[in-house]
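# Coordinates in review
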Amino acid sequence: MVKVTMLARVTDGLPLAEGLDDSRDVPDAEHYKQQIKALFKNLSKGHNEASRMSIETGPYIFHYIIEGRVCYLTMCDRAYPKKLAFQYLEDLKNEFERVNGSQIETAARPYAFIKFDTFIQKTKKLYQDTRSQRNMSKLNDELYEVHQIMTRNVQEVLGVGEKLDQVSQMSSRLTSESRVYADKARDLNRQALIRKWAPVAIVLGVVFLLFWVKTKIW
């Protein structure tokens, strides 16, 4: 059964739409929504390149597709047919692109297309009964295959993103520290040059001053 549905812009992870009453019967629903948002964040950083993927999380599984700069994601029971989940997402994608395709890039606030929930709810009802004639026909559609879509664990997927973030932060920190060390090295070199040539400059200054006084007297 479809539990949660969310859409987000891939370029920055901005949530665009959500099934508003999807998670009422899901224990710890907020926990799974936080995982989804973390996944969107990872996708916005290019941490996962697959345009279609299934991600196991507890008793559920995330399925997502990326098309036209938008990630369409749903969370289902593990027993729910993978084929139906991806066809459900395809239906959402087709309608969302048709209605809102020209406005995706200009959306500036979260859930700018919240009215799309009406279509989400209507479509979700069509996919709830896996034994209906309509859905049995979709399951038997040999032209739509999902066997090659990768399945991974949520900790593995999010962990990769966290590790990449840590590497990026470490790299930034090392770059910053190297700049500090370079500045300090320049200061030390400058001070060393001053200590080395200051006595010479003082002696030359005294000699020049004496020479100048002597010329004035004579």
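Heads up: these notes are all about the structure in this document. (Residues numbered from 1 in each chain as written. Predicted model: local features only at pLDDT ≥ 70, side-chain atom pairs only at ≥ 80, totals over all residues. Heavy atoms only, no water.)

## Considerations on the packing of helix α2 (residues 82-100) against helix α3 (residues 117-128)
Interaxial distance between α2 and α3 falls to 10 Å at its minimum, and their mutual angle equals 150 degrees. Between α2 and α3, the crossing angle belongs to the class labelled roughly antiparallel. Crossing handedness for the pair α2 and α3: right-handed. Residues Leu84, Gln87, Tyr88, Asp91, Leu92 and Glu95 of α2 touch α3, and the partners they reach there are Phe119, Ile120, Thr123, Lys124 and Tyr127. Of the residues that constitute the contact of α2 with α3, the class distribution is six nonpolar, two polar and three charged. (Axes fitted to C-alpha atoms, helices over the stretch in contact; angles between N-to-C directions. Helix = DSSP H or I, 4+ residues; strand = E, 2+ residues; numbered from the N terminus. Parallel < 35°, antiparallel > 145°, perpendicular 65-115°, else oblique. Left-handed = near helix turned anticlockwise from the far one by under 90°. Contact = heavy atoms within 4.5 Å. Nonpolar A, V, L, I, M, F, W, Y, C, P; charged D, E, K, R; others polar.)

## With respect to the nonpolar core
Counting residues in hydrophobic clusters, the biggest one holds 27 residues, and the most contacted among them are Leu7, Leu16, Tyr72, Leu92, Phe96 and Phe116. Secondary structure elements with two or more residues in this core: β1 (2-9), β2 (15-18), β5 (70-77), α2 and α3. It is α2 that provides the largest number of residues to this core, a total of seven residues. Aside from chain neighbours lying at most four places away, what touches Phe116 is Leu7, Ala17, Leu92, Glu95, Phe96 and Asn100. Ranked by size, the runner-up nonpolar core spans 23 residues in total, among them Ala29, Ile36, Ile66 and Leu73. (Core = buried A, V, L, I, M, F, W, Y, C linked by side-chain atoms within 4.5 Å. Buried < 20%, exposed > 50% of the residue type's maximum accessible area, 1.4 Å probe, protein only.)

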